[in-house]
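Structural features, examined
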Amino acid sequence: MVDLRLQVVATVLGMALVAAAGKQFEFQEATVDAIHQGFKNGSLTSTALVRFYLDQIARLNPLLHAVIEVNPDALAQAARADAERSASRGRCAVGLHGIPVLLKDNIATRDRLNTTAGSLALLGSVVRRDAGVVTRLRRAGAVILGKANPSEWSNFRPVDSGWSARGGQTRNPYVLSATPCGSSAGPGVAAAANMAAVTLGSETDGSILCPSSLNSVVGIKPSVGLTSRSGVIPITPLQDTIGPMCRTVSDAVYVLDVIVGYDEFDAEATGAASKYIPQGGYTQFLRIHGLRGKRIGVPDVFFEGYDDMQMAVYEKHLDTMRQQGAVVIKDLDIATNFTDLYEQETLLMAAEFKLSINAYLSDLLHSPVRSLAQVIAFNEAHPVEERLKDFGQPDLIAAEKTNGIGTRERAAIQRLKEISTNGLEKLMKEHQLDAIVAPNSDASSVLAVGGYPGIAVPAGYDGQGVPFAICFGGLKGYEPRLIEIAYAFEQATKVRRPPSFKR
C-alpha cells in the first residue's frame, strides 16, 4: 500500500512543477471555465493539462483504483488540440475542445483502449465503432483520457460497489473505508479526486446518482434517449442513459450540451427525445436566480431513516431554497403503491439484459465471448480472477434462463408504466411541480422506471466525513428547470470540498 503522506507530498511537488511550467495555472479543482481561460491567456495547454491528470492518476490510482487504463494516445490528442487552437488563434477554445474526459469502461472507443465493463471476459474485444457519445466528444475536440472502473457488468453481477476483475476495488476518496457506490464508481471517484476534468458514467437505476452523491460530485442522469446508448455495454434500453459526473453543475452542463442528440444507431430513443433539447443548448439555464418561482415537492417516503444531523442539514437546504425564491411543498405522498416496483423492474431487466447483451456481443468485430452463455462459462472457467466464490453470478444465470419478452415481461412493462403515470407524473402535475427533491439516490428507482432525469448535487458530510447529496428529479425533458434549480442551489450553498483521503 502506498503511504498516503508521501502521495500528498509528491502531489504538491508535482503541482508546483506543473504550475511553474504552466505560468501558475491552478490545476487542482480546475473547472471547464478556468481551463478555457487558461487556454486563452496562455497559462495552460492541453498537453500540460493531460500531463497533470496522467500524473494524478499515477499517484492516486494505486490507492483509489478509479481508472482501469489510460489512453496511450491522450498526449497526441492533446498536442493536436493545442495545434488547432493555435491555428485558429484561440477561436476553438470552447466547449470541451482540448479537455480530457474519462469514460466509464462500458462506453466503447474504437482505439487502443479496451471496453470491457470491468470483466476479463471482454478483454481484447474490438468494437465496430465509437459509442455515439464518444463520436460527439471527439467531434467537439475532447481528449479521451482513458477508462474508469465500474462495478463489473454495471452491477448486473452482484459484486461489491466499485469492484471489477480488471480494476479491483474502487475506494471513496473522502473516507477510504466507505463505499464509493456503483456502478459508475470509477468516474465519480476520478472526478472527485481531480484525476480528470470531467467524466462520463451510465445509469440504469442509481448508477450515476449514487456514486455522485457519496463522492461529492455533480451527476446528471438525463432523460432516457437524450443521450445515445449505441456502443455502450447495455443493461436495458428501457432505462439505460449516459450522463456527466463532474465537480460542478456548470461543468456537467457543458458536457451534457456536447453529448445530447440524435444517433442513427440508437434512432428510436434519441429520435423521440430530441424534441426535448432546447434551442441554444443547456448552458443558458445556468442561472444564479434559477430557484425563483420554482415549485419543489418533498415526498415524505424518501426522507425516512436518516439521522437527526443529516435531516437538520436537509431542512436547512429547504430553507435556503425558500430564501432563494422557491415554493417548497412538504409532506407529499406519491399516490401510487410502488411496493412491487423492484420486483417488476428486476423481472423485466433480466429478459432485456439477455437480449441486449447478446446483440452487443454479436456485433463486435472480435471478442473472446459472443453470448451471455459464454460470459457465464468464462466466469466459471476463471473463478479466482472473477471472485466467483465471493459474488457468484446469479443475475447473469437468471437472465440466461429468460426467453425474450413474453406475457410476464409485457405485464411488467405495463405495471411500470402505471407506477410512473399514477405516481410521479400525477404528483407533479397535480401540484404543478418543477421538481421533486430527495436525499442521495433514494428516488433513483422512481426516476429509472419512467425514464426521468435527475441531478445530484453535494449537500454535506456526515460525522465520519462521508459525503451526501440532494437530488432534484423531474419528468422527461425537465432538464432545463432541473439545471436552473441545481445551479442556483449549488451557488447558494457551495458545499463541496476536496477529498480528505481519511482512513
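Preceding this section is the structure that the text describes.
Quick notes on the rules
Residues numbered from 1 in each chain as written. Predicted model: local features only at pLDDT ≥ 70, side-chain atom pairs only at ≥ 80, totals over all residues. Heavy atoms only, no water. Salt bridge = Lys/Arg side-chain N within 4 Å of Asp/Glu carboxyl O. Helix = DSSP H or I, 4+ residues; strand = E, 2+ residues; numbered from the N terminus. Buried < 20%, exposed > 50% of the residue type's maximum accessible area, 1.4 Å probe, protein only. Pairing = 2+ DSSP bridges. Axes fitted to C-alpha atoms, helices over the stretch in contact; angles between N-to-C directions. Core = buried A, V, L, I, M, F, W, Y, C linked by side-chain atoms within 4.5 Å. Phe/Tyr/Trp six-rings, centres within 6.5 Å; stacked < 30°, edge-to-face > 60°. Lys NZ or Arg CZ within 6 Å of the ring centre and 35° of its normal.

**Looking at the pattern of salt bridges**
This structure, assessed with the given rule, holds 22 salt bridges. Here Arg-166 makes a salt bridge to Glu-69, at a shortest N to O gap of 3.2 Å. Pair noted here: Arg-166 is in the loop between strand 4 (163-164) and strand 5 (168-169) and Glu-69 is in strand 1 (residues 67-70), with a separation of 97 residues, a long-range link. According to the relative accessible area criterion, Glu-69 is buried, its value standing at 16%.

**Description of the sheet that holds strand 12 (residues 454-461)**
Here we have eleven strands laid out as an open sheet, ordered 1-3-2-6-8-7-12-13-11-9-10, and mixed in their pairing. If you trace the sheet from one side to the other, it starts and ends with strand 1 and strand 10 (327-332), each paired once. Mean inter-strand twist for the sheet, computed between neighbouring axes without regard to direction, equals 25°. Here strand 9 (residues 295-299) pairs with strand 10 via four bridges, running parallel. Note that in strand 10 the partner of Gly-297 across the bridge is Ile-329.

**Looking at the nonpolar core**
Counting residues in each nonpolar core, the largest one holds 136 residues, and the members touching the most others are Ile-35, Leu-137, Met-321 and Phe-472. With six residues, the next largest nonpolar core counts Tyr-174, Val-217, Tyr-461 and Val-495 among its residues.

**Considerations on the packing of aromatic side chains**
Overall, the coordinates contain ten aromatic pairs when judged by the stated rule. Centre to centre, the rings of Phe-156 and Phe-353 are 4.1 Å apart; their planes meet at 20°, and the pair counts as stacked. Remark: Phe-353 occurs in helix 11 (residues 341-363) and Phe-156 occurs in the loop between strand 3 (143-148) and strand 4; sequence separation between them is 197 residues. Judged by its relative accessible area of 8%, Phe-156 falls in the buried class. With a centroid separation of 5.0 Å and an interplanar angle of 50°, the aromatic rings of Trp-163 and Phe-391 are classed as tilted. Residue Trp-163 is located in strand 4, and its partner Phe-391 is located in helix 13 (residues 388-391); the two are separated by 228 residues in the primary sequence. A relative accessible area of 5% means that Trp-163 is categorised as buried. Classification of Phe-391 by relative accessible area gives buried; the value is 10%. Here the aromatic residues Phe-25, Phe-27, Phe-52 and Tyr-53 are joined through ring pairs into a cluster of three or more. If you follow Arg-85 out to its NZ or CZ, it ends over the ring of Phe-39, 3.7 Å from the centre. Looking at Arg-497, its charged tip hangs above the ring of Tyr-461, at a distance of 3.8 Å from the centre.

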